[in-house]
Amino acid sequence: MEDLDPEVIRKAQRGDMDSFARIVQYYQPSVFSTVFRLVGGQTQSEIEDLAQDLFLKVFRALPRFDYGRGVKFSTWLFTAVKNVCYDFLRKRRLPTEPLEPAFGRSSGKEAAGPRTDVKADAPSAKPGEDMLSTELGRKIGDAVQRLPQDQRTAFVLREYQGLSYEEIAEITEASIGTVKSRLFRAKESLRMILSPYLTVR
Amino acid sequence: MESNDPMTPDDPCGAIRRDAFEYAADPGELPESRRREIRRHAEACPSCDAHLRSAAALEAALPLWEAPRPGPDFCDRVTAAAEASSGGGPSVVRRLLARRVSLPLPLAIAAGLLVMALLALEFAGPGRPGGPGAGGRGEADFVTYSADVAAPAALTLVSGPDPALVGRVLRAGSAGTTR
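All figures in this text were calculated on a predicted structure; none of them were measured in a lab.

Asks: Would you explain the overall build of chain B in this entry?
Replies: From N to C terminus, chain B includes nine helices and zero strands. Ordered by position from the N terminus, the helices and strands of chain B form the series α-α-α-α-α-α-α-α-α. Here chain B, with 179 residues, has 19% of them falling under the buried criterion.

Laid out in structure tokens, this is it:
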């Protein structure tokens, strides 16, 4: 992700509200969508509240951001996003349904998996391509929410924000190898969960 | 892990599957030599071929999961709340007050008198401390009201508005006017 002009960040650090507004304006789409994807299942207004709280925390912590450490501002920002989302999930105690391991299980387990009940309402109805796309999008969202938190974070930051392995490693305080492994496991799980709905060519 | 774990390095099919998503998602990340290996393997291995196609189908579907966008006034609300929390810029209360001052003078005086009259009625009426009904059920109501709403509001005025509260108020306000 391309960082905003460092001069804008520095001005905001000195208390310039116009510069802070530029930060919010620039990062709000990616922050908002990341919050939405990490916490899942919330209403628009709840996501907005959470995103607003996040930006206020960022505003208060801005003077502590140090370019000298060689950290990108977006990496620092997404670390805050991750922390706020994790805090929210911890407080809410949202049940994170443990996912069946994507591998190391017999294929019979997969065939008897929990998604067979919704199988009938997706591809068979064919009410139109848009509707199917929307439905598939929703199913992807549901499946992502079933991923373990660390896999979900790596997956969302990589797939939907295009962050590098190095950035994700920094944000999640993990090694690059661990990040790659989490990504692989996340995608492998999604591939298996969603296979009944995917159009394989 | 069991032997069919794709992470097992001595399992060629596992190694192919480990690279399947990078092969499908971003060909640039894999060297051409590795891509050739994968293609060659998939031609001879229907199972891996199916796996690669399935991985490609997932990669193609991922953009379908769309996220909502923040409301059009989101940035303004965040900035206003930040301004209020910093105490440096004009607070919401100050801006509201400033807006009232801009009323025509006679109207402002009339409004002020009306507010004072309503306050006098409110505090002198039954069921309020200091009024004739003080000490009854009305007092308990007032205490509850005071604890839940009035006290935080008073604190807010002294120490600067709570940003989350300000955000909610502003959003409620904008919902009332724009939605």
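Asks: I would appreciate a short explanation of the overall build of chain A in the present structure.
Replies: Per the secondary structure count, chain A includes 10 helices and zero strands. Its helices and strands taken in sequence order, chain A reads α-α-α-α-α-α-α-α-α-α from the N to the C terminus. Evaluated residue by residue, chain A yields a buried proportion of 36% over its 201 residues.

Asks: Sorry if this is basic, but what is going on with the packing of helix α8 (residues 149-159) of chain A against helix α10 (residues 176-194) of chain A here?
Replies: Packed helices, taken two at a time, are described by the angle their axes make and the gap between the axes. Residue and element names in this part refer to chain A. Look at α8 against α10: their axes get within 8 Å of each other, and the N-to-C directions meet at 90°. By the angle between their directions, the pair α8 and α10 is classed as roughly perpendicular. Across the interface between the two elements, D150, Q151, R152, A154, F155 and R158 from α8 touch V179, R182, L183, R185 and A186 from α10. Looking at the contact of α8 with α10 residue by residue, the classes come out as five nonpolar, one polar and five charged.

Asks: Mind showing me how you'd approach the nonpolar core here?
Replies: What tends to happen in soluble globular proteins is that the nonpolar side chains get buried as a cluster. Judged by nonpolar contacts, the single largest core of 67 residues is most densely connected at V35, A51, L54, F55, V81 and L194 of chain A. Among the elements that make up this core, the one with the highest residue count is helix α2 (residues 17-39) of chain A (10 residues). What A51 of chain A contacts, discounting residues up to four positions off in sequence, is V31, F32 and V35 of chain A together with P70 of chain B.

Asks: Before we go on, may I ask you to explain the interface of chain A and chain B in this structure?
Replies: Many structure descriptions define interface size as the accessible area lost when the parts assemble. Taken together, the contact between chain A and chain B spans 38 residues of the former and 37 residues of the latter. Listing elements by their share of the side of chain A that touches chain B, those giving two or more residues are α2, α3 (44-61), α7 (129-145) and α10 of chain A. With 11 residues, α2 of chain A is the single largest residue contributor to the side of chain A that touches chain B. Grouping the constituent residues of the side of chain A that touches chain B by class yields 19 nonpolar, 12 polar and seven charged.

Asks: Sorry if this is basic, but what is going on with the confidence of the model for chain A here?
Replies: In regions of low pLDDT, the predicted coordinates are not meant to be interpreted in detail. Mean pLDDT over chain A stands at 83; residues scoring 70 or higher make up 83%. Contacts from residues 100-125 of chain A, a stretch scored under 50 in pLDDT, to residues over four places away or in other chains number 22 contacts.

Asks: Can you help me understand the confidence of the model for chain B in this one?
Replies: All names here are of chain B. In this model, chain B carries an average pLDDT of 65, and 49% of its residues clear a pLDDT of 70 or more. Confidence scores differ between elements of chain B, with helix α8 (residues 137-159) showing the lowest mean pLDDT of 29 and helix α4 (residues 46-61) the highest of 94. Counting interchain partners and residues more than four positions distant, the pLDDT-below-50 stretch residues 1-8 has 15 contacts. Here the complex is predicted with pTM 0.66, and the ipTM for its interfaces comes to 0.79.

Asks: Explain the packing of α3 of chain A against helix α4 (residues 73-92) of chain A to me, please; I cannot follow it from the model alone.
Replies: Residue and element names in this part refer to chain A. Taken N-terminus to C-terminus, the directions of α3 and α4 make an angle of 130°; their axes are 10 Å apart at the nearest point. Taken together, the axes of α3 and α4 lie oblique to each other. Two packed elements cross with a definite hand, and for α3 against α4 that hand is right-handed. Here L50, D53, L54, K57 and V58 of α3 lie close against α4, whose contacting residues are L77, A80, V81, V84 and F88.

Asks: What am I meant to see in α10 of chain A here?
Replies: The α-helix winds at 3.6 residues per turn, so residues separated by three or four positions along the chain end up facing the same way. The terminal C-alpha atoms of α10 of chain A, which comprises 19 residues, lie 27 Å apart, in line with the 27 Å expected from a rise of 1.5 Å per residue. Burial within α10 of chain A is extensive, with 14 of its 19 residues counted as buried.

Reading the values: rules and limits
- Every chain is numbered on its own, with residues counted from 1 as its sequence reads.
- By the order in which they are written, chains take letters starting at A while ligands take numbers starting at 1.
- Owing to the predicted nature of the model, reporting of local features is limited to residues with pLDDT of at least 70; listing and counting of side-chain atom pairs is limited to 80 or more, with chain, interface and lining totals taken over all residues.
- A run of DSSP states H or I qualifies as a helix once it reaches four residues; a run of E qualifies as a strand once it reaches two. Both are numbered from the N-terminal end.
- Any residue surrounded by 20 or more other C-beta atoms within 10 Å of its C-beta is treated as buried, while 12 or fewer makes it exposed and the intermediate range makes it partly exposed; C-beta atoms here are placed from the backbone.
- For helices, the fitted axis covers only the stretch in contact; all axes are lines through C-alpha atoms, and the angles between them, taken along N-to-C directions, range from 0 to 180 degrees.
- Oblique is the label for every angle not falling under 35 degrees (roughly parallel), over 145 degrees (roughly antiparallel), or within 65 to 115 degrees (roughly perpendicular).
- Two residues qualify as being in contact provided that their C-beta atoms, derived from the backbone, are within 7 Å of each other.
- When residues are grouped by polarity, Ala, Val, Leu, Ile, Met, Phe, Trp, Tyr, Cys and Pro land in nonpolar, Asp, Glu, Lys and Arg in charged, and all others, Gly among them, in polar.
- Throughout this description, the term nonpolar core refers to a group of buried Ala, Val, Leu, Ile, Met, Phe, Trp, Tyr and Cys residues whose C-beta atoms join them within 7 Å.
- The predictor's confidence in any single residue is recorded as pLDDT, a number from 0 to 100.
- Here a crossing is taken to be left-handed if its near helix is turned anticlockwise relative to the far helix by less than a right angle, and right-handed if that turn runs clockwise.
- Multiplying 1.5 Å by the residue count of a helix minus one yields the expected span of that helix.

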